[in-house]
Amino acid sequence: MTDASERAAPEHGDGPGLTRLSLGLGTSWLAVSSSAVVIVLAAPVPPLIIAAVRVAITGFVWWVISRVSAKAPALTGPVRPVWPWGRIILSGILLGMHFGLWIGSLFLTSVPHAAVLVGLQPLFAGIFGRMLGDRATWRLPAGVAVALLGTRLMTSADVEGVTLLGDALAVLAAACSAAYLTVNRGIGREIPLPTLLALVNLVAAVALGMTALLFGGAYWHVDAGSSEWLAIAWLGLGPGLIGHGLMNWAARSMPVHAVSIVILLEPIGAAFLAWLVLQQGVTPIEVVGALLLLAGAGLTILKVE
């Protein structure tokens, strides 16, 4: 998942050069591509706990950054009435749902399936935007048709370790991510970015923690060692802070559709790491389905000047 679409357009004025932007996005891609494999390595920690601790770490670090930043107001003190608190809370809940569903999907399907299917996010974002009145071009229905064909091919493959429920959770995670970004549109211009990311991640952590409590005490007694908790720490600091943070940084100086390419490239890195670390391969039909799905999603963010 990415936060790059939180800003509807790049800011004007002097900014980092193309080399710095390219290095930043490359680093972001490496960080987010590691997410799926590291989540698998974090088992037997339950999915909801992985998700809650991940966003809690990310939110806390962003909170620290917002406090030391000269441009960002403190999170404590009088509440500013101009801040859209309802949207911030809803955004945090949707972010928590995204991570809870996606991390849960990795316990029920393969890394390549989960990584590719969550890449439907741009397509869902286009659909939600159209529902809110955004102008839609021919690329949206064409992208939906191509992505549906690719999804059908991927989910029809009989592969060990892959379940329809796991694939469905990944698709729902993509929809929640797109809804999160849709709700966030415009908030980034009202609140400093570090403060916004701190708030939504901390709200997500609370929502996930409360959900875990509803499932009983077994969620708090897990047979996990230091390596599993270090893996979760990496999720909060690597993909959460560095990966998504660099995408937001790049979105200040580049068009959002260009930054969103990282979303489409993430499954390539995730699939390679899954093959290298977990020995999870893919079948030819899965490759064809994944390419079609990502091509369909890519149509919705393609922009020809």
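Note: the structure precedes this text.
Residues numbered from 1 in each chain as written. Predicted model: local features only at pLDDT ≥ 70, side-chain atom pairs only at ≥ 80, totals over all residues. Heavy atoms only, no water.

Got a minute to help me understand the overall build of the chain in this structure?
If you tally the helices and strands in the chain, you get 13 helices and zero strands. Evaluated residue by residue, the chain yields a buried proportion of 50% over its 305 residues. (Helix = DSSP H or I, 4+ residues; strand = E, 2+ residues; numbered from the N terminus. Buried < 20%, exposed > 50% of the residue type's maximum accessible area, 1.4 Å probe, protein only.)

I would appreciate a short explanation of the packing of aromatic side chains in the present structure.
The geometry of an aromatic ring pair is captured by the separation of the ring centres together with the interplanar angle, meaning the angle of the planes. With the rule as written, the count across this model stands at two aromatic pairs. Ring geometry for F272 versus W275: centroids 5.9 Å apart, planes at 40 degrees, classification tilted. Here F272 and its partner W275 are both found in helix α12 (residues 261-277), three residues apart, which amounts to about one turn of the helix. By relative accessible area, which is 47% here, F272 ends up partly exposed. (Phe/Tyr/Trp six-rings, centres within 6.5 Å; stacked < 30°, edge-to-face > 60°.)

Could you clarify how one ought to interpret the nonpolar core in this entry?
In globular proteins that are soluble, nonpolar side chains generally tend to be buried together. Residues I50, W102, L106, V111 and Y180 are the most contacted members of the largest nonpolar core, which totals 64 residues. Here the element with the most residues in this core is helix α9 (residues 193-214); it accounts for ten residues. When near neighbours in sequence (up to four residues on either side) are disregarded, L106 contacts A36, I39, V40, V111 and A114. Counting residues in each nonpolar core, the second largest holds six residues, with L21, V32, M247 and V262 among its members. (Core = buried A, V, L, I, M, F, W, Y, C linked by side-chain atoms within 4.5 Å. Contact = heavy atoms within 4.5 Å.)

How should the packing of helix α6 (residues 121-131) against helix α8 (residues 164-184) be read in this particular structure?
To describe two helices that pack against each other, one gives the angle between their axes and the distance between the axes. Here α6 crosses α8 at 50 degrees, and the two axes come no closer than 8 Å. Judged on the interaxial angle alone, α8 and α6 are oblique. The two elements α6 and α8 cross, and the hand of that crossing is right-handed. Residue-level contacts link Q121, F124, A125 and F128 of α6 to V171, A174, A175, S177, A178, A179, L181 and T182 of α8. Of the residues contributing to the contact of α6 with α8, the split by class is nine nonpolar, three polar and no charged. (Axes fitted to C-alpha atoms, helices over the stretch in contact; angles between N-to-C directions. Parallel < 35°, antiparallel > 145°, perpendicular 65-115°, else oblique. Left-handed = near helix turned anticlockwise from the far one by under 90°. Nonpolar A, V, L, I, M, F, W, Y, C, P; charged D, E, K, R; others polar.)

Would you take a moment to explain the environment of L95 for this structure?
Along the polypeptide, L95 turns up in helix α4 (residues 85-105). When its relative accessible area of 2% is taken as the criterion, L95 is described as buried.

Quick question: what am I supposed to make of the side chain of E228 here?
Tracing the chain through its elements places E228 in helix α10 (residues 226-251). Although buried, E228 forms no salt bridge, and the nearest oppositely charged side chain, R54, lies 17 Å from it. A polar contact is formed between the side chain of E228 and the side chain of S227, at a distance of 3.1 Å. Not counting chain neighbours up to four residues away, the residues in contact with E228 comprise L41, A42, A43, P44 and V45. (Lys, Arg positive; Asp, Glu negative; His and termini not counted. Salt bridge = Lys/Arg side-chain N within 4 Å of Asp/Glu carboxyl O. Polar contact = N/O pair within 3.5 Å; in protein donor to acceptor, adjacent residues only side chain to side chain.)

Help me understand the environment of I232, please; the structure alone is not making it clear to me.
Topologically, I232 is positioned in helix α10. Since its relative accessible area comes to 0%, I232 is described here as buried. Sequence separation between I232 and I57 is 175 residues; the distance between their C-alpha atoms is 9.0 Å. If we skip the residues at most four places from it in the chain, I232 touches A42, V45, I50, V53, R54 and I57.

What am I meant to see in the packing of helix α3 (residues 47-68) against α4 here?
The interhelical angle for the contact between α3 and α4, taken along N-to-C directions, is 135 degrees, at an axis separation of 8 Å. One finds that α3 runs oblique with respect to α4. In this structure, α3 meets α4 at a crossing whose hand is right-handed. When α3 is examined against α4, the residues P47, L48, I50, A51, R54 and V55 are found in contact with a partner set consisting of F99, G100, I103 and G104. Its residues assigned to classes, the contact of α3 with α4 comprises seven nonpolar, two polar and one charged.

Would you take a moment to explain unusual backbone geometry for this structure?
Leaving glycine aside, a negative phi is the common case for residues, and trans is the common case for peptide bonds. Cis geometry marks the peptide bond from A43 to P44, where omega comes out at 15 degrees. With respect to the element layout, P44 can be found in the loop between α2 (35-41) and α3. Even without glycine at this site, Q279 takes up a positive phi of about 60 degrees. Turning to its location among the elements, Q279 is positioned in the loop between α12 and α13 (284-299). On the basis of relative accessibility, which here comes to 61%, the residue Q279 falls in the exposed class.

Just to check I follow, could you spell out a nonpolar patch on the surface for this structure?
A grouping of L41, F272, W275, L276 and V277 is seen on the molecular surface, where their side chains present a nonpolar patch of about 510 Å² in accessible area. Ranked by residues supplied to the nonpolar patch, first place goes to α12 with four residues. Assignment of secondary structure puts V277 in helix α12. The exposure class assigned to V277 is partly exposed, which follows from its relative accessible area of 38%. (Patch = residues over 30% accessible without salt bridge, like charges linked within 9 Å, V, L, I, M, F, W, Y side chains within 5 Å. Areas by Shrake-Rupley, 256 points an atom, 1.4 Å probe, with all protein chains shown as cover.)

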